[in-house]
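# Commentary on secondary and tertiary structure
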Amino acid sequence: MPENPRSGETAAGGDEASPGRTVGRRRVVSPVRFSWFVAVAVALVLAVAVTALELGAIVPGLGLFSAIGSFVIPVLAPLLVIAALPAIGLGLARRRRSPRRTATAAAAAGIAGAVTGIAIIAIMISAVGAAGGSVNIFRALVPSSVAAARPDANAVFHTVDGQALSVAIYRPSGPPRAWPTLFYIHGGGWNGGSNDTAKTDYRWYADHGWLVISTQYRLATATDHTWNQAPGDVACALAWTARNATHLGADLNRLVLAGDSAGGNLAINLAYSAAAGTARSNCGGAVPVPAAVVATYPAVNTVSVYNDNFALGSVSGGAAVAEYAGGTPQQYPSRYKAISSSTYITRKAPQTLIIEPEHDSRVPPGGVYAFVGQARAAGVDITLATIPFANHTFNFYAAGTIGDQACLTITQNYLVHRRILA
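Residues numbered from 1 in each chain as written. Predicted model: local features only at pLDDT ≥ 70, side-chain atom pairs only at ≥ 80, totals over all residues. Heavy atoms only, no water.

Attention now goes to helix α14 (residues 365-377). Between its first and last C-alpha atoms α14 spans 18 Å; for 13 residues at 1.5 Å apiece the expected length is 18 Å, and the two agree. Pro365, Gly367, Val368, Phe371, Val372 and Ala375 are the residues of α14 that are buried. One side of α14 holds all its buried residues, which, seen down the axis, span an arc of 160°. In the core, the buried residues of α14 are packed alongside α10 (262-276), α11 (302-307), β9 (351-357) and β10 (382-387). (Helix = DSSP H or I, 4+ residues; strand = E, 2+ residues; numbered from the N terminus. Expected span 1.5 Å × (residues − 1). Buried < 20%, exposed > 50% of the residue type's maximum accessible area, 1.4 Å probe, protein only. Arc of directions from axis to C-beta. Contact = heavy atoms within 4.5 Å.)

For the rest of this paragraph, the subject is the packing of helix α3 (residues 31-58) against helix α5 (residues 100-130). Relative orientation of the contacting elements α3 and α5 amounts to 35°, with a least axis distance of 8 Å. Crossing angle aside, the handedness with which α3 passes α5 is left-handed. Residues Phe37, Val40, Ala41, Leu44, Ala47, Val48, Val50, Thr51, Glu54 and Ile58 of α3 touch α5, and the partners they reach there are Thr102, Ala103, Ala105, Ala106, Ala109, Gly110, Ala112, Gly113, Thr116, Gly117 and Ile120. Tallied by class, residues from the contact of α3 with α5 come to 14 nonpolar, six polar and one charged. (Axes fitted to C-alpha atoms, helices over the stretch in contact; angles between N-to-C directions. Left-handed = near helix turned anticlockwise from the far one by under 90°. Nonpolar A, V, L, I, M, F, W, Y, C, P; charged D, E, K, R; others polar.)

A few words on the pattern of salt bridges. Under the counting rule described, the total for this entry stands at five salt bridges. One salt bridge connects Arg218 with Asp161, and the closest N-O pair in it is separated by 3.3 Å. Highlighted residues: Arg218 in the loop between β4 (211-215) and α8 (230-243) and Asp161 in the loop between β1 (153-160) and β2 (163-170), separated in sequence by 57 residues. A salt bridge links Asp233 to Arg218; the shortest N-O distance between them is 2.9 Å. Of this pair, Asp233 sits in helix α8 while Arg218 sits in the loop between β4 and α8, and the two are 15 residues apart along the sequence. Looking at Asp233, the relative accessible area reads 0%, which means it is buried. Using a relative accessible area of 9% as the deciding quantity, one classes Arg218 as buried. (Salt bridge = Lys/Arg side-chain N within 4 Å of Asp/Glu carboxyl O.)

The next subject is the packing of aromatic side chains. Per the stated rule, a full pass over the model turns up eight aromatic pairs. In textbook terms, an aromatic cluster arises when at least three aromatic residues are bridged by ring pairs, as seen for Tyr170, Tyr184 and Tyr202. Taking the ring centre of Trp36 as reference, the NZ or CZ of Arg94 above it sits at 4.4 Å. Above the ring of Tyr332, the side-chain terminus of Arg335 is found at 3.9 Å from the ring centroid. (Phe/Tyr/Trp six-rings, centres within 6.5 Å; stacked < 30°, edge-to-face > 60°. Lys NZ or Arg CZ within 6 Å of the ring centre and 35° of its normal.)

You will see that Trp190, though not glycine, has its phi angle at about 65°, which is positive. Locating Trp190 in the fold gives a position in the loop between β3 (179-185) and α7 (199-207).

The subject of this paragraph is the pairing of β9. Counted residue by residue, β9 has seven buried out of seven residues, so it is predominantly covered. The alternating pattern of β9 places Gln351, Leu353, Ile355 and Pro357 and Thr352, Ile354 and Glu356 on opposite faces, both of which are buried. Note: strand β6 (residues 292-296) against β9, five bridges, orientation parallel. Bridge pairing in β9 places Val293 opposite Thr352. Where β9 meets β10, six bridges bridge the pair, whose relative direction is parallel. Bridged to Pro357 within β10 is Ile387. In this view, the connection linking β9 to its parallel neighbour β10 by way of α14 has right-handed handedness. (Pairing = 2+ DSSP bridges. Right-handed = clockwise from strand over helix to strand, strands pointing away.)

The eight strands lie next to each other as β1-β2-β4-β3-β5-β6-β9-β10, forming an open sheet whose pairing is mixed. At either end of the open sheet lies a strand with only one pairing partner, and these are β1 and β10. Mean inter-strand twist for the sheet, computed between neighbouring axes without regard to direction, equals 20°. Alignment of β3 against β4, held across five bridges, turns out to be parallel. Following the sheet pairing, Tyr184 is matched in β4 by Ser214. Those strands touched by α8 are β1, β2, β3, β4 and β5 (250-260), and its axis lies near 125° from that of β1. Against the sheet, helix α15 (residues 402-417) makes contact with β5, β6, β9 and β10, and its axis sits at roughly 160° relative to β9, the strand it touches most.

With that settled, consider the state of the cysteines. This structure, assessed with the given rule, holds one disulfide. Sulfur-sulfur distance for the disulfide between Cys236 and Cys283 comes to 2.0 Å. Its S-S torsion of approximately 110° makes the covalent link between Cys236 and Cys283 right-handed. Here Cys283 lies in the loop between α10 and β6 and Cys236 lies in helix α8, a separation of 47 residues in the sequence. Among the residues examined, Cys236 registers a relative accessible area of 0% and is labelled buried. (Disulfide = S-S within 2.5 Å.)

Below, the discussion takes up the side chain of Thr352. You can see Thr352 is positioned in strand β9. Once residues within four sequence positions are removed from consideration, Thr352 is found in contact with Tyr272, Val293, Val380, Asp381, Ile382, Thr383 and Tyr414.

Here helix α4 (residues 64-93) contains 30 residues, and its C-alpha end-to-end distance of 36 Å is more than 12% below the 44 Å for a straight helix at 1.5 Å per residue. For α4, the principal kink sits at Leu76 and spans about 85°; a proline, Pro78, occurs within the next four residues. (Bend = angle between axes of the 7 residues up to and from the residue.)

Structure (structure tokens):
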């Protein structure tokens, strides 16, 4: 009796073996068909992984699962959609051949991953647009290094306890003149990070007409709690910038303070205290009042950061703020008050933009929203831009991502609208 030409195919896939076939026939494996099975299975696994990451970003409160999804989506969402496409193609191509059920599952998973990813991207782009920003999706398909750029100069602004503190300077192209100035304070939990965290972003601002001054400050350690040192260090750097404004090409009438996470806390506290006349520099000099302050996922409510128990490996917001303050809120309530941004709210505070990821697991969004409400109640001109599906540091993993473009363009548009940048 002639052999069924499809017997080898079903044996290779293992999906529809007939009970009447012999053991010998089931063991016949075609290398080509086995290769198809492996390809479809790999595409299926990839599509399932894509869908899982997307669901993690959509559904908050699932611990590490949600955290990983919301870390990945703002960086790789367009690439995840592309990664789901092979499952659709292979699944549809093999749905009438071995492995049928695996192919059907691959096609379904691929469609789920692609459609969910496209919906997430559309919602994110819509939110960014509503906040005044924009996203070039083609640029987001080719993310690049955040460390590719270099500063035009570095300068020491102060030496304290044998440590030289410096600023990195990024200048716009063209002849020297008084440029609008972005004074940037880096994040890192007050105990990490550096003033070269996002060199590509600093260069982007310079290319768009900004003089960028990115400053260092003393970082906390297990034995040196810098809650009362770092604020004076960044005030010192700002006073140094004012003293050297002519040489630097800084327009102090168009001065903007900016920072992320712990740096956002320092930026808001410095800007608000400068406006109130209470800012104090560790190296003397007058601290200028900025025209605006821009903070990304700022740690404005340090008690809520401490009380949040989320940790990812060695990264813990509670441990970082405890190292900065020297202990817990119960041990040092006055220190936590001194470093919490609500302490510095007055009607004199400069106009403020806060960009907050909705699924931030390091700086609880509730604390940020409460601060915004307090500032508005006090008469501060404060704008809140929220980024859906995003987590802490969503803009710093790579340049050109949806998250990176969102922060840059929202900030740029806000400052243009406020007539700080022409």
